[in-house]
Amino acid sequence: MAAPLPPPRVVCLGNVVADHVFRVMDIPQPPAKIAARSYVLNAGGMAANEVISVTRLGGRAHFWGRVGDDLKAPLLAAALEADGVKTAGLKRVGGGRSPVSAVLVDRHGERTITGFRGADLGIDPGWLPLETLVGAGALCCDPRWPEGVAAAAAEARRLGIPVVLDGEKSETRLLVDLVPRVDHAIFSVTGLQNFAPGCAPEEGLRRALASGPVKLAAVTRVEKGTLWLAPSMAAPQEIPAFPVEATNTTGAGDVFHGSCALAMAERMPIEAALRFASAAGALRARDGTTPYRAMVEAMLAGK
Ligand SMILES: Nc1ncnc2c1ncn2[C@@H]1O[C@H](COP(=O)(O)OP(=O)(O)OP(=O)(O)O)[C@@H](O)[C@H]1O
Ligand SMILES: [Mg+2]
């Protein structure tokens, strides 16, 4: 009997951020000095959340991106590795500074975030291990390192590997450049507005499909579910969100994208992949943590 195939491999390219999360009673007006009730350092950032969702849902997960030459770098690598993510493609850039954010969460769960996007991380994608894309099941990219996305997406397209873009809030010119390079452009509400300013969602999705050989354009709309359009469809269709009691919707979109890329690597049809991703996103919004496979399967089965 043939040995079972290993799970598909998904490469996630983009940001990893040292999220310093402080829980406080209230967020006061300045000047203020307040004690935190708890503190934790998490690996956040779009591609980092995406890659962790891939591994928790059963895929082989590889992270490609940049960190600085600072105290945060080994902590970020260790956080990804603790979840089984392969980090050979995480470059520690000499003289660079890693992205960080301070997240204050009050007793009602409301957040105040200050983010620093990092500095001197270099934009040249020449070091990316593109040769290791051979045999990958999917590539998932956030838009924070556009030069990296362009290089990896071109190689993935040459190899016939599906590329999912997290069309998050970005400059219009960046999204307009990146969308035609990918197969599946999945926007947040703000990201779609940035891509097609002033357009209704349906028109924005049509523009994305018209911009290149894009096979799917979609917009996630928090608890209102996901609107999606493929070239063969006359009008967008809706994948309803799974109803949950949300405690923290941060990162639900990232989990949605990582799960969707894994589902595509598993060759699920588009509609099934979007349902799978919606279940994973809903669980993240409900629990504030990235779900495991059995939890997603249970939600899909209505349990
Ligand atoms: N409150 C919720 N209830 C049910 N499903 C949710 C909820 N929030 C998110 N989801 C699911 O996750 C998907 C992605 O969430 P959302 O639209 O908030 O992404 P986003 O705006 O990119 O957020 P972020 O970037 O903060 O992760 C939604 O389309 C939905 O399927
Ligand atoms: Mg998002």
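**Considering the packing of aromatic side chains**
Piece 1. Enumeration according to the criterion identifies three aromatic pairs in this entry.
Piece 2. With a centroid separation of 5.7 Å and 15 degrees between ring planes, the pair formed by Trp127 and Trp145 is classed as stacked. On the criterion of sequence distance, the pair formed by Trp127 in the loop between strand S7 (111-116) and strand S8 (138-141) and Trp145 in the loop between S8 and helix H3 (146-159) is long-range, its members being 18 residues apart.
Piece 3. With relative accessibility at 2%, the residue Trp145 sits in the buried group.
Piece 4. Between Phe187 and Phe195, the aromatic rings sit 5.3 Å apart at their centres with planes inclined by 35 degrees, giving tilted as the arrangement. Note on accessibility: Phe187 and Phe195 belong to one class, buried.

**With respect to a nonpolar patch on the surface**
Piece 1. A cluster of nonpolar side chains, Tyr39, Leu41 and Leu75, forms an exposed patch at the surface whose accessible area comes to about 270 Å².
Piece 2. Summarising the element assignment, Tyr39 is placed in strand S3 (residues 38-44).

**Thoughts on the site of ligand 1**
Piece 1. Inspection of the region around ligand 1 gives 23 residues, with Glu168, Thr220, Val222, Gly251 and Gly253 positioned closest.
Piece 2. Glu168 places a polar side-chain atom, nitrogen or oxygen, 2.9 Å from an oxygen atom of ligand 1.
Piece 3. Ala252 is positioned such that a nitrogen or oxygen atom in its backbone is 3.1 Å from an oxygen atom of ligand 1.
Piece 4. Starting from 630 Å² of accessible surface for ligand 1 in isolation, the protein chains cover 88%.
Piece 5. Only helix H7 (252-265) and helix H8 (270-287) provide two or more residues apiece to the shell around ligand 1.
Piece 6. A per-class count over the shell around ligand 1 returns nine nonpolar, ten polar and four charged.

Cut-offs used in this document
- Residues numbered from 1 in each chain as written.
- Chains lettered and ligands numbered in written order.
- Predicted model: local features only at pLDDT ≥ 70, side-chain atom pairs only at ≥ 80, totals over all residues.
- Heavy atoms only, no water.
- Phe/Tyr/Trp six-rings, centres within 6.5 Å; stacked < 30°, edge-to-face > 60°.
- Helix = DSSP H or I, 4+ residues; strand = E, 2+ residues; numbered from the N terminus.
- Buried < 20%, exposed > 50% of the residue type's maximum accessible area, 1.4 Å probe, protein only.
- Patch = residues over 30% accessible without salt bridge, like charges linked within 9 Å, V, L, I, M, F, W, Y side chains within 5 Å.
- Areas by Shrake-Rupley, 256 points an atom, 1.4 Å probe, with all protein chains shown as cover.
- Salt bridge = Lys/Arg side-chain N within 4 Å of Asp/Glu carboxyl O.
- Near = heavy atom within 4 Å.
- Polar contact = N/O pair within 3.5 Å; in protein donor to acceptor, adjacent residues only side chain to side chain.
- Nonpolar A, V, L, I, M, F, W, Y, C, P; charged D, E, K, R; others polar.

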